[in-house]
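Take a look at the letters that make up each chain.
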Amino acid sequence: MNPHLLKVSTAPHQSFNIRHDVVPYFYNRWHFHPEVELLHIQKGTGIQFIGDSIQRFKKDDVILVGANLPHLWRCDDAYFQKSKTLLAQSTVVHFREDFWGERFLELPENKKLKQLLGKAKRGISITGATKQFVIAHLEKMLHVKDTERIVLLLQILTKISQSKQLKQISSAGFTTQVEEKSTERINAIYAYTLAHFKEKISLKKIAEVSNISSNSFCRYFKVHTRKTYSNFLHELRVGHASKLLIENKLSISQICFESGFNNITNFYKTFKRFTGQTPLEYQKLYMTNEAA
């Protein structure tokens, strides 16, 4: 998908990087890096792009992103309105697979750890008690240094590698050509679509944005994302509708048009195709789980 190569800086006295960010919004470009990324979102909501997956993200999500896997966390529009109170917050670790030495992962005791880093190349969502363990240990890691930091990271990865409370994010067949060149085209497509998905977007317009012909655009987008642009647009609209259903401030018909759908029938059909539920079923299930 030709994402942007992000340079992750590590201090001279550190073998890997951990930081706590409090920012107006998360880095909002489609990018990759050779480091594995472990992320705990403490505050913030929006749309998460990892590989060929598009999902909503929210507070206390914990994600493991493998080396060179393209990703993007795009905060909701409210975070871009220069609010002094609405901020995105996260703790993030970046480390190279071989930072502890080239032979470390080849040790027989580390078989599960090596397998975990392989699975992370599709992205992993961490849930349940394992997630709580990771969150607690990341907090500790922020306040220690030297060998203790490495020990805590190893404990976290060991716990994850032994857990069944994991969900793969990208599809099994996802692959990408990670190159620094030609990054502007896909970022232009993403940026324009995120800004205008509530409107009708013509093929001619999005092709102009990407600076290629209308005839070439559809093939280009599918080759590089493994989905049609129409499906990509529907995923964004369904994701936004899901957010509005959870907030429960608008009627179903208002949510339909606020999310970029042109009629109720199409909204219901598309929402169920992507979620397996009608909008009302989705809303009811969320409220039941919240009350439990």
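A.B. asks: Quick question: what am I supposed to make of the overall build of the chain here?
C.D. replies: The number of helices and strands found in the chain is ten helices and eleven strands. A globule of 292 residues ought to have a C-alpha radius of gyration of about 19 Å, and the chain, at 20 Å, matches this closely. The principal-axis extents of the C-alpha atoms in the chain amount to approximately 60 × 50 × 40 Å. Contacts spanning at least 24 positions in sequence make up 71% of the contacts within the chain whose residues lie at least 6 apart. When the accessible area of the chain is evaluated, it comes to approximately 15,400 Å², of which 51% is carbon and sulfur surface.

A.B. asks: Can you walk me through unusual backbone geometry in this structure?
C.D. replies: Most peptide bonds adopt trans geometry, and most residues besides glycine take a negative phi value. The backbone of Asn68 shows a phi angle near 65°, a positive value even though the residue is not glycine. Relative to the elements of secondary structure, Asn68 occurs in the loop between strand E7 (62–65) and strand E8 (71–75). Positive phi, close to 60°, is recorded for Asn248, a residue that is not glycine. By the secondary structure assignment, Asn248 is in the loop between helix H7 (229–247) and helix H8 (252–258).

A.B. asks: I'm lost on the packing of H7 against helix H9 (residues 264–275) in this one. Help?
C.D. replies: Two measures define how a pair of helices packs: the angle their axes make with one another and the distance between the axes. Direction vectors running N to C along H7 and H9 enclose 95°, while the axes themselves pass 10 Å from each other. For the element pair H7 / H9, the angle class is roughly perpendicular. When H7 is examined against H9, the residues Asn231, His234, Glu235, Val238, Ala241, Ser242 and Leu245 are found in contact with a partner set consisting of Phe267, Thr270, Phe271, Arg273, Phe274 and Thr275. In terms of residue class, the contact of H7 with H9 is built from six nonpolar, five polar and two charged.

A.B. asks: How should I be thinking about the packing of aromatic side chains in this particular structure?
C.D. replies: Each aromatic ring pair is specified by the distance between its two centres and by the angle formed by the two planes. In the structure shown here, the tally under the stated rule is 20 aromatic pairs. Plain terms: the ring middles of Trp30 and Tyr190 are 5.5 Å apart, the flat faces sit at 40° to each other, and that makes the pair tilted. Residue Trp30 is found in the loop between strand E2 (17–23) and strand E3 (31–32), and its partner Tyr190 is found in helix H4 (residues 183–196); the two are separated by 160 residues along the sequence. The exposure class of Trp30 is buried, given its relative accessible area of 0%. Measuring from centroid to centroid gives 5.8 Å for Phe217 and Phe221, while their planes differ by 25°, and the two rings are stacked. Residue Phe217 and its partner Phe221 are both found in helix H6 (residues 214–225); the two are separated by four residues, about one turn of the helix.

A.B. asks: I tried to follow the pattern of salt bridges on my own but got confused; where do I start?
C.D. replies: Note that side chains of opposite charge can pair when their charged atoms are close. Tallied over the entire structure, the rule returns ten salt bridges. As a salt-bridge pair, Arg96 and Glu35 come within 3.4 Å of each other at their nearest N and O atoms. Remark: Glu35 occurs in the loop between E3 and strand E4 (36–43) and Arg96 occurs in the loop between strand E9 (88–95) and helix H1 (111–119); sequence separation between them is 61 residues. Residue classification places Arg96 among the partly exposed positions, given a relative accessible area of 43%. When its relative accessible area of 7% is taken as the criterion, Glu35 is described as buried.

A.B. asks: I tried to follow the sheet that holds E2 on my own but got confused; where do I start?
C.D. replies: Strand pairing in a sheet relies on backbone hydrogen bonds, with the paired strands running either antiparallel or parallel. Strand order in the open sheet formed by six strands is E2-E9-E4-E7-E10-E11, with antiparallel pairing between adjacent strands. With one partner strand each, in any of the chains shown, E2 and strand E11 (166–168) form the two edges of the open sheet. In this sheet, neighbouring strand axes are inclined to one another by 20° on average, regardless of whether the strands run parallel or antiparallel. By the bridge criterion, four bridges tie E4 to E7 in an arrangement that is antiparallel. Opposite Leu38, over in E7, you have Leu64 as the bridge partner. Relative to E4, helix H2 (residues 128–141) is tilted by about 95°, and along the sheet it contacts E2, E4, E7, E9 and strand E10 (124–126). Together, E2, E4, E9, E10 and E11 form the strand contacts of helix H3 (residues 147–162), whose direction differs from that of E9 by roughly 95°.

A.B. asks: How should the pairing of E8 be read in this particular structure?
C.D. replies: Side-chain direction in a regular strand flips from residue to residue, so the side chains alternate between the two faces of the sheet. Counting buried positions along E8 yields five of five residues, so the element is predominantly enclosed. With burial as the criterion, each face of E8 is covered, one bearing His71, Trp73 and Cys75 and the other bearing Leu72 and Arg74. The pairing of strand E5 (residues 46–50) with E8 spans five bridges and is classified as antiparallel. By the bridge assignment for E8, Phe49 is matched with Leu72.

A.B. asks: Explain the confidence of the model for the chain to me, please; I cannot follow it from the model alone.
C.D. replies: In low-pLDDT regions, the fine details of the predicted coordinates are not to be read closely. Looking at the chain, the pLDDT average stands at 88 and 91% of residues meet or exceed 70. For the chain, strand E1 (residues 4–5) is the element with the lowest average pLDDT, namely 53, and E7 is the one with the highest, namely 98.

Definitions and cut-offs
Residues numbered from 1 in each chain as written. Predicted model: local features only at pLDDT ≥ 70, side-chain atom pairs only at ≥ 80, totals over all residues. Heavy atoms only, no water. Helix = DSSP H or I, 4+ residues; strand = E, 2+ residues; numbered from the N terminus. Rg over C-alpha atoms; globule rule 2.2 N^0.38 Å. Contact = heavy atoms within 4.5 Å. Areas by Shrake-Rupley, 256 points an atom, 1.4 Å probe, with all protein chains shown as cover. Axes fitted to C-alpha atoms, helices over the stretch in contact; angles between N-to-C directions. Parallel < 35°, antiparallel > 145°, perpendicular 65-115°, else oblique. Nonpolar A, V, L, I, M, F, W, Y, C, P; charged D, E, K, R; others polar. Phe/Tyr/Trp six-rings, centres within 6.5 Å; stacked < 30°, edge-to-face > 60°. Buried < 20%, exposed > 50% of the residue type's maximum accessible area, 1.4 Å probe, protein only. Salt bridge = Lys/Arg side-chain N within 4 Å of Asp/Glu carboxyl O. Pairing = 2+ DSSP bridges. pLDDT = per-residue confidence, 0-100.

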